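# Notes for the structure review
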Amino acid sequence: MKYDIKDIKLAEKGSKRILWAEKEMSVLKQIRERFLKEKPLKGKKISSCLHITAETANLAIALKGGGAEIYLCASNPLSTQDDVAASLVERYNIPVFAIKGEDNETYYKHINAVLDIKPQITMDDGADLITTILLGRRDLLRDIIGGTEETTTGVVRLRAMAKCKALAYPVIAVNDALTKHFFDNRYGTGQSSVDGIIRATNILFAGKVVVTAGYGWCGRGFAMRAKGLGAHVIVTEIDHLKAIEATMDGFEVMPMKEAAKKGDIFITLTGSLNVIDGDHFSLMKDGAIVCNSGHFNSEINLKTLRDMSEFVKNVRDFVDEYTLKNDKTIYVLGEGRLINLAAAEGHPASVMDMSFANQALSVQYLVENCVSLENIVYVVPEKLDNEIARLKLNSMGIKIDALTEEQEEYLNSWQSGT
């Protein structure tokens, strides 16, 4: 079996981590047990570009249990848990091509390695797999029946492809399922990003001014958690509706140029480019901390920051100190990459349980319905979304009401008035 990981000797530690995560992934466990019996993915090859974590490992194990041949690479150079990668290779016979801290050249070498199996299905977190196929490996398209996409940034890229008719096969936007983005983006990103910042810096949030760039689901979650720790939270936005929502949720809203003067900690969660730029760095306080929890490190203009600096040095794990030409210092966490995965462990397993349940069921849906699907971006079918919510509630021991026949008739009619 071909693979490229840091150290196979880390497998035992990784196995413990995988089993610990499994305890909190009850929905995926139920799906895996069914997959083992039914083998709905038998004979299918899946190339997967996801964060290589204990939670992702449980998804890969479930897909393999369903009969699939799955190869994994990382969707971010700093998101791989090397011990998990080792365990997947040694204990589960799942090929992995990922090393934490890999350079850009190795990152794309690994992407191409998982594509070499000539997959029928792609699983993306950021759309790098499908982009690589469309820009340089179009010969693979003849075998591909469909793909899935995990994150907001990837869905944005996919919709851009679809808009200009470049999308060459159907893709399910797993990110857009309610049981994914509502929980994963809000509760998962909120908690894990705070966790990453604290692990990297050991800083106290209480009393700090925290600037949250973006008030989508991820921004909402982070702002809520930072506020809960006693921080004063400022939100920057480009969307009028989201800006109103942030205001009504009790946060101060202003342009980044104003926020730059006030913030102690800055975090970007937008999926955009140069959200924190040169003119913002020049306005920041001495000692300001800057990090990102959007998919790509392009949200922070690190090239401009480097050009503005006299020198850069690493002062702590995942903390680089930039000394500007006016002797002011700015601290960048995790090289501007996803702070929750660079410095911490990513989302809690109970959150990823629903995200990866969506992935597993979406892959099965592609296998069963590929003949009738067009080359567009699909949302997860509502039936699957509701089934995942039902399984999650069931695993938590929570029961809910059901409509009576009278209520159903009332809700489906229009004749009854006041």
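Notes on the structure follow. (Residues numbered from 1 in each chain as written. Predicted model: local features only at pLDDT ≥ 70, side-chain atom pairs only at ≥ 80, totals over all residues. Heavy atoms only, no water.)

Right, let's get into the pattern of salt bridges. This structure, assessed with the given rule, holds 19 salt bridges. The partner of D184 in a salt bridge is K180, and the shortest N-O contact between them spans 3.7 Å. Here K180 and D184 lie together in helix 8 (residues 178-201), a separation of four residues that amounts to about one turn. The class for D184 is buried, based on a relative accessible area of 3%. On the basis of relative accessibility, which here comes to 2%, the residue K180 falls in the buried class. Between R220 and E245 there is a salt bridge, and its shortest N-O distance comes to 2.9 Å. Here E245 lies in helix 10 (residues 240-248) and R220 lies in helix 9 (residues 217-228), a separation of 25 residues in the sequence. Members of the salt-bridge network, linked through shared partners, are R17, D83, D195, R199 and E345. (Salt bridge = Lys/Arg side-chain N within 4 Å of Asp/Glu carboxyl O. Helix = DSSP H or I, 4+ residues; strand = E, 2+ residues; numbered from the N terminus. Buried < 20%, exposed > 50% of the residue type's maximum accessible area, 1.4 Å probe, protein only.)

Our focus in this paragraph is the environment of K328. For K328, the location among the structural elements is in the loop between strand 13 (319-324) and strand 14 (329-333). A C-alpha to C-alpha distance of 45 Å links K328 and A162, two positions 166 residues apart in sequence. Once residues within four sequence positions are removed from consideration, K328 is found in contact with F281, S282, L283, M284, K285, D286, Y322 and T323. Side-chain polar atoms of K328 contact the backbone oxygen of M284, separated by 2.5 Å. (Contact = heavy atoms within 4.5 Å. Polar contact = N/O pair within 3.5 Å; in protein donor to acceptor, adjacent residues only side chain to side chain.)

Let us look at empty space enclosed by the protein. Applying the stated criterion across every chain yields a total of one cavity of 30 Å³ or more. When its volume is computed, the largest cavity comes out at roughly 30 Å³. Taken together, T122, D124, I130, T148, E149, L158, Y169 and V171 make up the lining of the largest cavity. Secondary-structure elements contributing two or more residues to the lining of the largest cavity are strand 4 (121-124) and strand 5 (146-149). (1 Å grid on protein atoms, 1.4 Å probe; cavity = no way out; pocket = protein on both sides within 12 Å on 5 of 7 lines; lining within 4 Å. Points joined across faces, edges and corners; volume = space filled by probe spheres on them.)

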